[in-house]
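# Understanding the architecture of this molecule
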Amino acid sequence: MCYNIRMAGQYQIRGAKLADAEKIFALIHLNRDQLVPRSVGNIVENIDRFLVAVTGSDIVACACYQVHPEIGQPEAATVEIQSVAVRAPYRRKGIGRMLIEAMIEKVSVFNPKEVVVLTFAPEFFGAMGFHEIPKTQIMHKLYTGCVNCTKHTDPFTCPEIAMVHAPRE
Ligand SMILES: CC(C)(COP(=O)(O)OP(=O)(O)OC[C@H]1O[C@@H](n2cnc3c(N)ncnc32)[C@H](O)[C@@H]1OP(=O)(O)O)[C@@H](O)C(=O)NCCC(=O)NCCS
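Residues numbered from 1 in each chain as written. Predicted model: local features only at pLDDT ≥ 70, side-chain atom pairs only at ≥ 80, totals over all residues.

Let's shift gears to the site of the ligand. Every one of the 19 residues lining the ligand counts as a neighbour, but Arg91, Gly96, Arg97, Glu123 and Ala127 are closest to it. At the level of elements, strand 5 (76-86), helix 3 (95-108) and helix 4 (122-127) are the ones that each hand at least two residues to the shell around the ligand. Among the residues making up the shell around the ligand, the classes are represented as nine nonpolar, five polar and five charged. (Near = placed C-beta within 6 Å. Helix = DSSP H or I, 4+ residues; strand = E, 2+ residues; numbered from the N terminus. Nonpolar A, V, L, I, M, F, W, Y, C, P; charged D, E, K, R; others polar.)

Taking strand neighbours across the sheet as the criterion, the eight strands line up as 1-2-3-4-5-6-8-7 in an open arrangement whose pairing is mixed. Because the sheet does not close on itself, it has two edges, and the strands there are strand 1 (6-8) and strand 7 (130-132). With strand direction ignored, the average angle separating the axes of adjacent strands in the sheet is 25°. Where strand 6 (residues 114-119) and strand 8 (residues 161-165) come together, four bridges link them in antiparallel fashion. Paired with Thr119 across the bridge in strand 8 is Ile161. (Pairing = 2+ DSSP bridges. Axes fitted to C-alpha atoms, helices over the stretch in contact; angles between N-to-C directions.)

By themselves, these are just geometric observations and shouldn't be taken as functional.
Next up, the structure:
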């Protein structure tokens with residue numbers, strides 16, 4: 001799926017290219033305390049789901065999405081935004097906001113039931129129009145996605161917060 005490039009000052013939001021995979025890997029790895037790890041292979045397999053923010057030849061931020069047909073119904077599935085990271089020197093400049101707005105626009109073509117996140121940054125996502133939901137609402141995600149996380153032994157006691165973007169009725 002094509003994503004129309006967005007410009008904001010010196011920053012550009014665009015769909016990721018295969019050549020970006022190693023830089024995306026490094027960015028996720030740098031933020032490993034907040035993000036579920038991904039291998040370079042996993043990033044390459046899912047490259048069409050990533051958006052990146054770039055300035056010049058530098059990748060300064062990334063985000064990805066995953067469709068969860070098991071949460072909701074297959075024809076109106078839940079979409080999760082994942083792997084959201086902005087390089088530390090570039091934070092609080094509005095890049096995270098641009099990326100999330102672009103990602104919501106990108107996934108809206110699927111007409112999802114809802115857009116969710118599991119996050120350690122609830123203030124940021126709150127500012128993006130998300131609000132907290134019980135983790136039990138995304139049970140399938142906890143049983144599948146969370147198995148790749150080594151940070152906590154139990155997804156139900158893990159301090160990550162589940163949030164949903166206000167759905168468009
Ligand atoms: C969370 C993160 C993506 C935010 O990116 P960012 O580019 O700094 O965010 P923005 O500048 O677009 O912030 C937009 C708004 O979100 C809120 N916000 C952002 N970071 C915040 C923070 N650390 N604490 C509280 N509010 C925050 C603010 O309201 C901000 O608006 P303001 O700057 O006008 O006050 C970035 O800090 C990051 O990469 N953190 C490490 C990885 C991570 O936690 N990812 C989240 C997924 S678990």
